[in-house]
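# Report on the structure
Residues per chain, in single letters:
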Amino acid sequence: MKGFLHHTKGRCVAVALSLSLIAAAAALVLPGTSGPLRQAGETVSRPFLRLAAAVTEKVRQGVGTLESIQSLREQNAALEETVAQLRDQAQVGALAQAENARLRALLGLAEAGRDLTLTGAWVIARAPDNWQGEVTIDQGRANGVRAGQCVVDCHGALVGRVKEAGQTWAAVTLVTDPAFRLAGQAVRSGVLGTLEGDLALLPQGKLTLASLTEADPVRVGEEVVTFAAGTGYPSGLTVGTVAQVAEDPGGLTRSAVLDPAADLGALSQVFVVTAFREVR
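As a convention, each chain's residues are numbered from 1 in the sequence order in which they are written. Where totals are concerned, whole chains, interfaces and linings use all residues; where local detail is concerned, this predicted model gives features only for residues with pLDDT of at least 70, and gives and counts side-chain atom pairs only at 80 or more. As a rule here, side-chain values come from all non-hydrogen atoms in the structure, and water together with hydrogens is ignored.

Turning next to the overall build of the protein chain. Across its full length, the protein chain holds 2 helices and 12 strands. Summary of the burial criterion: residues with accessible area below 20% of their type's maximum are buried, those above 50% are exposed, and those between are partly exposed, where the area comes from a 1.4 Å probe applied to protein chains only. Across the 280 residues of the protein chain, 34% fall into the buried class. At a minimum sequence separation of 6, the contacts of the protein chain that also span at least 24 residues come to 56%. Counting only carbon and sulfur atoms, one obtains 58% of the accessible surface of the protein chain, whose full area is about 16,000 Å². Put simply, DSSP marks the helices as runs of H or I at least four residues long and the strands as runs of E at least two long, and each gets a number from the N terminus on. Contact criterion: two residues are considered in contact whenever any of their non-hydrogen atoms come within 4.5 Å of each other. To be clear on the numbers: accessible area is Shrake-Rupley with a 1.4 Å probe, and residue cover counts the displayed protein chains and nothing else.

A word on the sheet that holds strand S12 (residues 269–277). Strand-to-strand pairing in sheets goes through backbone hydrogen bonds, with the strands running parallel or antiparallel. Pairing between strands requires that DSSP locate at least two bridges from one strand to the other. Strand order around the closed barrel formed by 6 strands is S1-S2-S5-S4-S3-S12, with antiparallel pairing between neighbours. Here the average twist between neighbouring strands, direction ignored, is 45 degrees. Only C-alpha atoms enter the line fits that serve as axes; for helices the fit covers just the stretch in contact. Angles between N-to-C directions range over 0 to 180 degrees.

Attention now goes to the sheet that holds strand S7 (residues 192–197). Taken in spatial order, the 6 strands of this closed barrel run S6-S7-S8-S11-S10-S9, and their pairing is antiparallel. Direction aside, the axes of adjacent strands within the sheet are offset by 40 degrees on average. Bridge count for strand S8 (residues 207–212) against strand S11 (residues 254–260) is 4 bridges, and the pairing is antiparallel. Across the sheet, the residue bridging to leucine 212 is arginine 254, located in S11.

Two side chains of opposite charge can pair, provided their charged atoms sit close to one another. Take a side-chain nitrogen of Lys or Arg and a carboxyl oxygen of Asp or Glu: if they are within 4 Å of each other, that pair is a salt bridge. All chains considered together, the criterion is met by 4 salt bridges. Aspartate 259 serves as the salt-bridge partner of lysine 206, at 2.3 Å between the closest nitrogen and oxygen. In this pair, lysine 206 sits in the loop between S7 and S8 while aspartate 259 sits in strand S11, placing the two residues 53 residues apart along the sequence. Its relative accessible area of 19% is what places lysine 206 among the buried residues.

Turning next to the layout of surface pockets. The rule is simple: put a 1 Å grid over the protein atoms alone, call a set of points where a 1.4 Å probe fits but cannot get out a cavity, call an open set with protein on both sides within 12 Å along at least five of seven lines a pocket, and count a residue as lining if it has an atom within 4 Å of a point. Grid points are joined across faces, edges and corners, and a volume is the space filled by probe spheres set on the points. Roughly 260 Å³ of volume is contained in the largest pocket. Along the wall of the largest pocket there are 17 residues; nearest its centre are Gln132, Gly133, Leu174, Thr176 and Leu202. Lys, Arg, Asp and Glu make up the charged group, whereas Ala, Val, Leu, Ile, Met, Phe, Trp, Tyr, Cys and Pro make up the nonpolar group; the residues left over, Gly among them, are polar. Looking at the lining of the largest pocket, its residues break down into 8 nonpolar, 6 polar and 3 charged.

Another aspect to go through is the nonpolar core. If you look at the biggest cluster of nonpolar residues, it comprises 43 residues, and the most contacted ones within it are Ile137, Leu158, Val159, Leu195, Leu258 and Val270. Excluding residues within four positions of it along the chain, leucine 195 makes contact with Phe180, Arg181, Leu182, Ala183, Gly184, Leu207, Thr208, Leu209, Val224, Val225, Val239 and Leu258. Take the buried residues of types Ala, Val, Leu, Ile, Met, Phe, Trp, Tyr and Cys, join any two whose side-chain atoms come within 4.5 Å, and each joined set is a nonpolar core.

So, on to the environment of lysine 163. Locating lysine 163 in the fold gives a position in strand S4 (residues 158–165). Classification of lysine 163 as partly exposed rests on a relative accessible area of 47%. Separated by 29 residues in the primary sequence, lysine 163 and glutamate 134 have C-alpha atoms spaced 9.0 Å apart.

Attention now moves to the environment of glutamate 196. Mapped onto the elements, glutamate 196 comes out in strand S7. Relative accessible area serves as the criterion here: at 21%, glutamate 196 is assigned to the partly exposed category. Residues glutamate 196 and arginine 181, 15 residues apart in the sequence, show an inter-C-alpha distance of 4.9 Å. Setting aside anything within four residues of it in sequence, one finds glutamate 196 in contact with Val175, Phe180, Arg181, Leu207, Thr208 and Ala210.

So, on to unusual backbone geometry. Residues other than glycine seldom take positive phi values, yet serine 211 does so here, at roughly 65 degrees. Here serine 211 is to be found in strand S8.

Below, the discussion takes up the confidence of the model for the protein chain. Confidence scores per residue from the predictor, reported as pLDDT, run from 0 to 100. Residues with a pLDDT of 70 or more make up 64% of the protein chain, whose mean pLDDT is 78. In the model, residues 23–31 has pLDDT below 50 throughout and makes 13 contacts with residues more than four positions away in sequence or in other chains.

The next subject is the environment of leucine 174. Within the fold, leucine 174 resides in strand S5 (residues 170–174). C-alpha separation for the pair leucine 174 and valine 162, spaced 12 residues apart in sequence, amounts to 8.8 Å. Beyond its immediate sequence surroundings of up to four residues, leucine 174 is in contact with Gly133, Glu134, Val135, Val159, Gly160, Phe180 and Leu267.

Turning our eyes to something else, we now look at the pairing of strand S6 (residues 181–186). Of the two faces of S6, only one is covered, namely that formed by Leu182, Gly184 and Ala186; the face formed by Arg181, Ala183 and Gln185 stays uncovered. Pairing between S6 and S7: 5 bridges, direction antiparallel. Note that in S7 the partner of glutamine 185 across the bridge is leucine 192. Two strands pair when backbone bridges link them, and S6 and strand S9 (residues 223–226) are joined in this way by 3 bridges, in the antiparallel orientation. Each residue of the ladder has a partner; that of glutamine 185, found in S9, is valine 225.

Looking now at the pairing of S5. When a strand is regular, its side chains alternate between the sheet's two faces. Counting buried positions over the 5 residues of S5 gives 5, a clear majority of the element. Side chains Ala170, Val172 and Leu174 project from S5 onto one buried face, and the interleaved Ala171 and Thr173 project onto a second face that is buried too. In this structure, strand S2 (residues 134–137) lies alongside S5, joined through 4 bridges in antiparallel fashion. Considered in S5, the bridge of glutamate 134 is made with threonine 173. In this structure, S4 lies alongside S5, joined through 5 bridges in antiparallel fashion. When the bridges of S5 are listed, arginine 161 appears paired with threonine 173.

The following block contains the structure:
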């Protein structure tokens, strides 16, 4: 752009100088003469002098305009760079806010009387198909993670259980996976059942509280939690709420379909319950 400005400016100045020389030559015809011939020379030169002055002014204005355009382009590039930096800062701020929200939720979980030892982990992989509900986290045996331990989100809602653990990773079976099994209890009615994943419900992101009888007064909207009697996982972890109650094939038992309390489709950070003490 700067080379173009210099080139354009040079050409325009050359034209102006040429016109000026023509005018000067006309004005100097027969130097020392006077009378009609001298007057004619001045008359001929005067339009060229005015034209030369006009061209010179236009050149000055045009070069100033081109320089202004170049300056505006440079300012625009600087503003775009500043906007990109501010966008990156805003993204970092949003991530920090999300992290603070998770930490506040964990603090609330501790204040609620849950004596849990939690190990934070990030989800680094998911099952690639619709036949299983499983994720991989970035913590393993080196951090106290063992098979059978429960995994919760930042609100204390049950996500699943550790299926297997490597030194620095672990596979977690989600509550919706057909292989998931755990004892559960409906909070209001106190009814006990088996928390199970179901292949038919997996695409819907739901699970069941199975093995209910016709007499069990489980109702839609009732909260369901984990139930443990001296086993290796804690009681009272929120699992979900009853969305519907349906008869099992054969009509001898019923199952309650549950909406999980944890948002299993948006898991990023989870917490493994590596130790616990039942609080009575």
